[in-house]
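Summary of the model geometry
Okay, here's what each chain looks like letter by letter:
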Amino acid sequence: MARPGWLTPFAVSMAVAEVVLVLAGTRGAYPVLLVWVPAVAGLAAAVAAFRGAAVRTGGDLRAFWRRVAVAMGFVLLAGISQTLDVVTLPWSGMPPIGTRTLCLYVVGTILAITALLRLPAGGRTWRQLLTAVLDVAVVVVTGGIATSQYIGWFMNRFGVSESAWWLNIAMIAIAVAGAVVVVKIMTARRSPIPRAALWWLAPIGLAGPLSTLLMTALRPWPHLNGSAAVLPFVGLCGTLAAHAQHRRLAAGGSSRIAHPSAGRRGSAVPLVASGLISLLVATVFLRTGHLSTVQVAGTTMLLLLVVARQAIALAENNSLLDTVARQAMHDELTGLFSRRYFTAAVASTTEPHTVVLIDLKEFRAINDGLGPAAGDALLTAYAERLTALAGRHAVVARLGGDEFGLLLTAAPGTVDRLLAASAEPLSAAGHELLVDVSIGLTDGDTADAPDSYRRAELALREAMAGAGGRVVRYDATLERQLSRRATVAADLRRGLAAGEFHLLYQPIVNLPDGRLIGVESLVRWGDVPPAGFIPVAEDTGLIVELGAWILDTVCAQAAEWRRRHGPDALRSVAVNVSARQLLDPALPEIVAAALARHGLPARQLTVEITETAVFGGGRALASVTALSDLGVAIALDDFGTGHSSLGLLRTCPVDAIKVDKSFVDGLGGSPQQEAIAIALTGIAETMGLRTVAEGVETVEQAQRLYELGYRQAQGFHFARPLPAEAIDEMLAAQQNRVAA
Ligand code: C2E
Ligand code: CA
Ligand code: CA
């Protein structure tokens, strides 16, 4: 059923019509029934609007709108009944209200309250519910005390005897009901009903008391009626509440949106109530010199209720604080302690202790490859392993991401057991995963405690950088290295801006004749060896900028050699590209731009990468593939020293391998020492790869390499890294030799 769009404007016009009628009615008389027309019509509009809301919603929401539609139906009947009263009942100085009418109003009110109380209180604890109930009780008692004092005054104004107890009770009931509804709405922290709809329903609760007040005010004009004046507004508020529900539905908003309350409005209720009653009791006592039994008993009850309510609120607050504290102390996923707790625990240890920090290697790759669910399962499984290994007296924490921490006070051998356990696979989401770890640790006494966490962290960073192996134990030299690094980083940045870097080129030669066929570019910075600044440039990301400069310079130089010595004077010019550069998504563009800028054919550039850089797959492997697609040759540097050499040849587009110096060093020794160098040429040959032997220092090594089938080599035996001009001279000499 479509929502009848005219209901809201209709309800508005009824309310306006009633105001006009009442205003006109204070000027001149007209039939007594006229004021009841907008009243009854307005109520009917609200019933229809509630029914419309019930039809368009479902579940709890539908039940709610259906219930309030029935309640409003009773109010409509009451309105009609009161209209009849006006015609049929005798007038006794006040507008007549029959027992039937009062009953209908009371039933409608009770039904409305029931509907509101039956709203699902999602997420509320019993304490919060009890608080709401107590708030209601406080309002009821306050209303009762006040009414008991002022009821006589009302009766006198109406000119009815106090024995008209039906009216008496109905008034109290309706006033109290109004208060209940308002309180209920105030405390509805998480309701499926749109908040705007609740706020439109709230004023309806005030209709009872309001109409009673209006009755008094309108007494001089017998054809006007307080109930009739208020009822169109009851209809209007109801229609607008239903309208708010429709707008929420139209906005596509979920009907289950939770509304965490901004403040705790309900908590003002007992304070306001106690204040009001104190004033009332004081005024009454000062005026009359005594208090009625109702007032004394009511006030005592009110105080008890307020005390109970505040006690519960206090308990509620405490348990909230507990929850907050627990959440701050624990990691949600694994249930281990949190970083915050761990650092505090370490800093306050009063015993000799060991702090162990653990980073899962390649967790990122597992998480990316198998999905976050598997990643989470792995972390949970590892957390369980750690807890089991660490024993009862350790503090085990997840420090965030894939980092864990252990605070041990007496558990010798834990680190060894940790490492041994790394060889056993963990099962996570149906996968059996081998997880290798980097470990940083520090031992400390009580005096070291405040510093232990930082020290262990330093050691872990060092272990992860791979410089010191899987396990790094903190010592003072680490600290010195680190501060040296910081100085180097600052210096590097300055040097890069000042153009302090230059390139040398080390020849790659043909075997056995030693003819120059290519070069590898090697960066130089004053007398600092590359090993002293390349790792720092990688850590700080400066390598990206430095690398771009190197690539551009190498392409310019290679293009220059082509112009001077012919297109085939050098087969290829190699440039080292580090892992950090491969992670930069812009790298393929940087290379393509450098090639284009200097007009160098892609095939004359070789990019040297290490196995470890691409082992993890992901971004780095994608960069390499993109470079290969450009036509750039890819060489695997330091081949044989990584951990996945052979498998990598299948996944990564490789054109050449550079056999590491360590295998060349073994040549001429025992068959075992030569075995790898022999195996590598075999593999390369079957896979159609170019092989370059690195670090050739003697004529014997060169000889032996040639015998084993190597055709390209590089090393001090042939030439050291040289300035570009020296390469020029070699190329020129080579040209002359060919010409001669
Ligand atoms: P690499 O790529 O393995 O470079 C070869 C290194 O071995 C060079 O050291 C070279 O001078 C040295 N070498 C060559 N022949 C011999 C020999 O017969 N005996 C001995 N003992 N050494 C030899 P260098 O220039 O100190 O470079 C060290 C490392 O620094 C390089 O190893 C490379 O990983 C890195 N590197 C150098 N230049 C760059 C660069 O421009 N970019 C990047 N990303 N890394 C660079
Ligand atoms: Ca290299
Ligand atoms: Ca190398």
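The rules behind the values
Residues numbered from 1 in each chain as written. Chains lettered and ligands numbered in written order. Predicted model: local features only at pLDDT ≥ 70, side-chain atom pairs only at ≥ 80, totals over all residues. Heavy atoms only, no water. Near = heavy atom within 4 Å. Polar contact = N/O pair within 3.5 Å; in protein donor to acceptor, adjacent residues only side chain to side chain. Areas by Shrake-Rupley, 256 points an atom, 1.4 Å probe, with all protein chains shown as cover. Helix = DSSP H or I, 4+ residues; strand = E, 2+ residues; numbered from the N terminus. Pairing = 2+ DSSP bridges. Axes fitted to C-alpha atoms, helices over the stretch in contact; angles between N-to-C directions. Donors = N, O, S within 2.8 Å, 3.2 Å for Na, K, Ca; no water. Buried < 20%, exposed > 50% of the residue type's maximum accessible area, 1.4 Å probe, protein only. pLDDT = per-residue confidence, 0-100. Contact = heavy atoms within 4.5 Å. Salt bridge = Lys/Arg side-chain N within 4 Å of Asp/Glu carboxyl O.

Near ligand 1 lie 21 residues; those nearest to it are Arg-524, Asn-576, Asp-637, Glu-697 and Phe-716. Contact between ligand 1 and Glu-520: an oxygen atom at 3.2 Å from a side-chain N or O atom of the residue. Glu-697 is positioned with one of its side-chain polar atoms (N or O) 2.6 Å from a nitrogen atom of ligand 1. Starting from 790 Å² of accessible surface for ligand 1 in isolation, the protein chains cover 77%. At four residues, the largest contribution of residues to the shell around ligand 1 is made by strand E9 (residues 516-525).

Read across the open sheet, the five strands follow the order E2-E3-E1-E6-E7; overall the sheet is mixed. Strand pairing shows two members of the sheet lacking a second neighbour, strand E2 (395-400) and strand E7 (471-473), which therefore form its edges. Along the sheet, successive strands turn relative to each other by an average axial angle of 20 degrees, direction set aside. Relative to strand E3 (residues 403-408), E2 runs antiparallel, the two sharing five bridges.

Bringing the coordination of the calcium ion (ligand 2) into the picture now. Protein ligation of the calcium ion (ligand 2) involves Glu-520 (OE), Asn-576 (OD1), Glu-608 (OE) and Asp-637 (OD), the donor distances falling in the range 2.1 to 2.3 Å. Expressed as a motif, the donor residue spacing for the calcium ion (ligand 2) is E-x55-N-x31-E-x28-D. The metal-metal distance between the calcium ion (ligand 2) and the calcium ion (ligand 3) is 4.1 Å, with Asp-637 coordinating both. Here Asn-576 is found in strand E10 (residues 572-576), whereas its partner Glu-608 is found in strand E11 (residues 605-610), with 32 residues between them in sequence. Relative accessible area serves as the criterion here: at 28%, Asn-576 is assigned to the partly exposed category. Classification of Glu-608 as buried rests on a relative accessible area of 2%.

Predicted confidence across the protein chain gives a mean pLDDT of 85, with 89% of residues reaching 70 or more. In the predicted structure, residues 254-265 sits below a pLDDT of 50 and forms 18 contacts with residues beyond four places in sequence or in another chain.

Okay, the sheet that holds strand E14 (residues 690-693) next. Strand order in the closed barrel formed by eight strands is E8-E9-E10-E11-E12-E13-E14-E15, with mixed pairing between adjacent strands. Two strands pair when backbone bridges link them, and E10 and E11 are joined in this way by four bridges, in the parallel orientation. The partner of Val-573 across the bridge, within E11, is Leu-605. Together, strand E8 (501-510) and E9 form the strand contacts of helix H28 (residues 724-739), whose direction differs from that of E9 by roughly 170 degrees.

The protein atoms that coordinate the calcium ion (ligand 3) are Asp-637 (OD), Asp-638 (OD), Glu-694 (OE) and Glu-694 (OE), at distances of 2.2 to 2.5 Å. Expressed as a motif, the donor residue spacing for the calcium ion (ligand 3) is D-D-x55-E. Judged by its relative accessible area of 28%, Asp-638 falls in the partly exposed class. Exposure remark for Glu-694: the relative accessible area of 12% places this residue in the buried category.

Each regular strand carries side chains that alternate between the two faces of the sheet. Across the five residues of E10, four count as buried, placing the element largely inside the fold. As defined by bridge partners, E9 adjoins E10 across three bridges and the pair is classed as parallel. Bridge pairing in E10 links Val-519 to Val-573.

Taking burial as the measure, the eight residues of strand E6 (residues 437-444) include seven buried ones, the bulk of the element. Across eight bridges, strand E1 (residues 353-360) lies against E6 in antiparallel orientation. Note on E6: the bridge partner recorded for Ile-358 is Ile-439. As paired elements, E6 and E7 share three bridges and run parallel to each other. Counted as the bridge partner of Gly-440 is Val-472 from E7.

With that settled, consider the pattern of salt bridges. The tally for this structure, following the rule as stated, stands at 26 salt bridges. For Arg-461, the salt bridge is made with Glu-403, and the minimal N-O distance between the two is 3.1 Å. Of this pair, Arg-461 sits in helix H16 (residues 449-465) while Glu-403 sits in strand E3, and the two are 58 residues apart along the sequence. Residue classification places Arg-461 among the partly exposed positions, given a relative accessible area of 37%. Judged by its relative accessible area of 8%, Glu-403 falls in the buried class.

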